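Okay, here's what each chain looks like letter by letter:
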Amino acid sequence: MLVSRIDGEIGGQWARVRGRLREEVGEVEYRTWLKQMTLADASEDEVTIVLPTRFLRDWVRAHYGDRLRALWAAENGRIRRVELRIGAPQTGLAEPVAVPAPIVAASASETARLDAGRSDPRAELAGPLDPRFTFGSFVVGKPNEFAYACARRVAEGGPVAGFNLNPLFLYGGVGLGKTHLMHAIAWAIRERQTARSVVYMSAEKFMYRFIAAIRSHSGVEFKETLRGVDVLMIDDLQFLIGKDSTQEEFFHTFNALVDAGRQIVVSADKSPSDLSGIEERLRTRLGCGTVADIHATTYELRIGILQAKAALQGVTVPQKVMEFMAHKITTNVRDLEGALNRVVAHAQLVGRPITLESTQEVLHDLLRAHDRRVTIEEIQKRVAEHFSIRLTDMSSARRARAVARPRQIAMFLAKQLTSRSLPEIGRKFGNRDHTTVMHACARVAELMQKDPALAEDVELLRRMLES
Ligand code: ADP
Ligand code: MG
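Residues numbered from 1 in each chain as written. Chains lettered and ligands numbered in written order. Predicted model: local features only at pLDDT ≥ 70, side-chain atom pairs only at ≥ 80, totals over all residues. Heavy atoms only, no water.

Caption draft 1: The overall build of the chain, seen in detail. Scanning the chain for helices and strands turns up 21 helices and eight strands. Across the chain, contacts joining residues at least 24 apart in sequence account for 74% of those joining residues at least 6 apart. When the accessible surface of the chain is summed, it comes to about 22,500 Å², and 52% of that surface belongs to carbon and sulfur atoms. (Helix = DSSP H or I, 4+ residues; strand = E, 2+ residues; numbered from the N terminus. Contact = heavy atoms within 4.5 Å. Areas by Shrake-Rupley, 256 points an atom, 1.4 Å probe, with all protein chains shown as cover.)

So this is what it looks like as structure tokens:
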């Protein structure tokens, strides 16, 4: 396998092929089936793409083979064959850095417009809305109930006593439902057929549009159009970090709209105060309304989501299988959804019911990634570092809260992330009894429900340990 041949020109072509395919099939489908494609080899007239399992390889071949060939041919006329093989994903050129689509292509791919009226410049600005992202299909649980309630209120419109929802700032890690909630707001407003105009777009799109407007000397119209909307939603604001002139423009638009009593909804992967690289005055304004944090999923929410999605697709998934998936796929809803789609598709393909065995088999590449062996020592080290306590305190007898709490968190993570038994974990923590470990796990789980800051710490540690 000649990795060196894969960078440079062919690497760029591959990035564009993937980018196009992703645009064509949409995010969920892409992540489920195509994200793990790796370009392993390229010769004069043939490229070789590997996938980690036979099932994925067969699926991609059957469903996307023709598109892959056509897209390759469009990128590079010499390529006549696209070989799909099973192989290790580490070699070759894995998921490339996203290549921004050119401005023209971006507007060409927008099929579902927010407003059908093409003559309305506000409709031209709005990004496409995913028909699946409605309030009805959003599963509410502890981690997202506040964000959900805020989003509903915004969709209903009108003032809310004692609550300033303008701007509404939604934040949380990837795949936890920020975009879903924003689309849901837009759909709900549209459904009520009020005269309120809504514009939803990603921060990236905002930037492209802004730059394009400046280039074509239509900056003024761009501004006026934006200032005429009733609800402006900007998704993934973190993409404006370091883009000073775009931030400046957004800041002015923001002020003009809020001053005129219009609604702003913004999402980002961090809270306003953690968004470094955002100008201070913008950051301050962003935090002025309501900041709603979408927390990492809980087991209960994951089960709820699996049940809802299975029902939506009209498939029967055994409870055991759902429990297994909810235990194993903990990263985010997007991954969970992708895993379910795969399991369902496999069952339909082979014409057999879904079982625990088939699920394990079909998801084995995902599960392997999740099953990365974390050791108790690693957990203790990370947790001690995180809370700035001594590593020896993980096994010491000290009971001061400042060391006891981190120790409990480390035990909790050891239970979650390793396959060690309670007595084994106890032994590693200064020969403590298994009931102490059990108590620690219960206590941390309970605290996570009540204390978002602690929940965030634990979640962060878990993510660091798992990556
Ligand atoms: P984000 O924008 O936060 O990265 P998305 O809104 O794109 O995440 O959500 C990722 C996927 O997970 C979408 O398909 C979305 O429909 C689904 N999803 C996220 N949260 C929920 C939820 N609470 N109920 C149902 N589906 C959800
Ligand atoms: Mg999003």
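Anyway, onward from the coordinates.
Caption draft 2: Region of interest: the sheet that holds strand 4 (residues 168-171). Overall, parallel pairing links the five strands, which are arranged 5-6-7-4-8 in an open sheet. Since the sheet does not close on itself, it has two edges, and those belong to strand 5 (198-202) and strand 8 (290-293), each with one partner. Adjacent strand axes in the sheet meet at a mean angle of 15 degrees, parallel and antiparallel pairs treated alike. The sheet contacts of helix 10 (residues 244-259) involve strand 6 (231-235) and strand 7 (263-268), and relative to strand 7 the element is tilted by about 140 degrees. (Pairing = 2+ DSSP bridges. Axes fitted to C-alpha atoms, helices over the stretch in contact; angles between N-to-C directions.)

Caption draft 3: Expanded view of the environment of Ser421. Looking at where Ser421 falls in the secondary structure, it is placed in the loop between helix 18 (401-417) and helix 19 (422-428). Here Ser421 falls in the partly exposed class, since its relative accessible area comes to 31%. (Buried < 20%, exposed > 50% of the residue type's maximum accessible area, 1.4 Å probe, protein only.)

Caption draft 4: The arrangement of unusual backbone geometry in detail. Backbone torsion omega between Asn166 and Pro167 reads 0 degrees, so that peptide bond is classified as cis. If you trace the backbone, Pro167 turns up in the loop between helix 6 (145-156) and strand 4. Positive phi, close to 55 degrees, is recorded for His217, a residue that is not glycine. Mapped onto the elements, His217 comes out in the loop between helix 8 (203-215) and helix 9 (219-227). Positioned with a positive phi, Ser388 is a non-glycine residue whose angle comes to about 50 degrees.

Caption draft 5: Broad picture of the nonpolar core. Within the largest apolar cluster, 49 residues are counted, with the highest numbers of intra-cluster contacts made by Met37, Ile49, Leu68, Trp72 and Met325. Sequence-distant contacts of Ile49, that is, excluding residues within four places in its chain, are made with Trp14, Met37, Thr38, Leu39, Ala40, Leu68, Trp72, Val82, Glu83, Leu84 and Arg85. Ranked by size, the runner-up nonpolar core spans 29 residues in total, among them Met207, Phe222, Phe254 and Ile278. (Core = buried A, V, L, I, M, F, W, Y, C linked by side-chain atoms within 4.5 Å.)

Caption draft 6: Representation of the site of ligand 1 in the model. Neighbouring residues of ligand 1: 19 residues in total, closest Val139, Gly175, Thr179, His180 and Glu337. One nitrogen or oxygen atom from the side chain of Thr179 is found 2.7 Å from an oxygen atom belonging to ligand 1. At 2.9 Å from an oxygen atom of ligand 1 is found a side-chain nitrogen or oxygen belonging to Arg334. Contact with the protein chains removes 96% of the 560 Å² of surface that ligand 1 exposes when unbound. When residues of the shell around ligand 1 are traced back to their parent elements, those giving at least two are helix 7 (178-191), helix 12 (299-313) and helix 14 (333-350). Here the residues of the shell around ligand 1 sort into eight nonpolar, seven polar and four charged. Each of two domains, domain 2 (114-294) and domain 3 (299-371), supplies a minimum of three residues to the shell around ligand 1. (Near = heavy atom within 4 Å. Polar contact = N/O pair within 3.5 Å; in protein donor to acceptor, adjacent residues only side chain to side chain. Nonpolar A, V, L, I, M, F, W, Y, C, P; charged D, E, K, R; others polar. Domains from an automatic or database assignment.)

Caption draft 7: Local environment of the pattern of salt bridges. By the definition in use, this model includes 27 salt bridges. The residue Glu46 makes a salt bridge to Arg81 at a minimum N-O spacing of 2.9 Å. With Glu46 in strand 2 (residues 46-51) and Arg81 in strand 3 (residues 81-86), the pair connects residues that are 35 residues apart, well separated along the chain. When the shortest N-O distance is used, the salt bridge between Arg281 and Glu279 registers 2.9 Å. A relative accessible area of 34% places Arg281 in the partly exposed class. Ionic contacts of the salt-bridge type, sharing partners, join the residues Arg16, Arg20 and Glu75 into one network. (Salt bridge = Lys/Arg side-chain N within 4 Å of Asp/Glu carboxyl O.)

Caption draft 8: A look at the packing of aromatic side chains. Under the criterion given, the structure shown has 10 aromatic pairs. With 6.3 Å between their ring centres and 55 degrees between their planes, Phe169 and Tyr171 make a pair best called tilted. Per residue, the accessibility class of Phe169 equals that of Tyr171, and both read buried. Between Phe206 and Phe250, the aromatic rings sit 5.6 Å apart at their centres with planes inclined by 85 degrees, giving edge-to-face as the arrangement. Highlighted residues: Phe206 in helix 8 and Phe250 in helix 10, separated in sequence by 44 residues. Here Phe206 matches Phe250 in class, with each residue buried. Aromatic ring contacts, followed pair by pair, group Phe206, Phe210, Phe222, Phe250 and Phe254 into a single cluster. (Phe/Tyr/Trp six-rings, centres within 6.5 Å; stacked < 30°, edge-to-face > 60°.)

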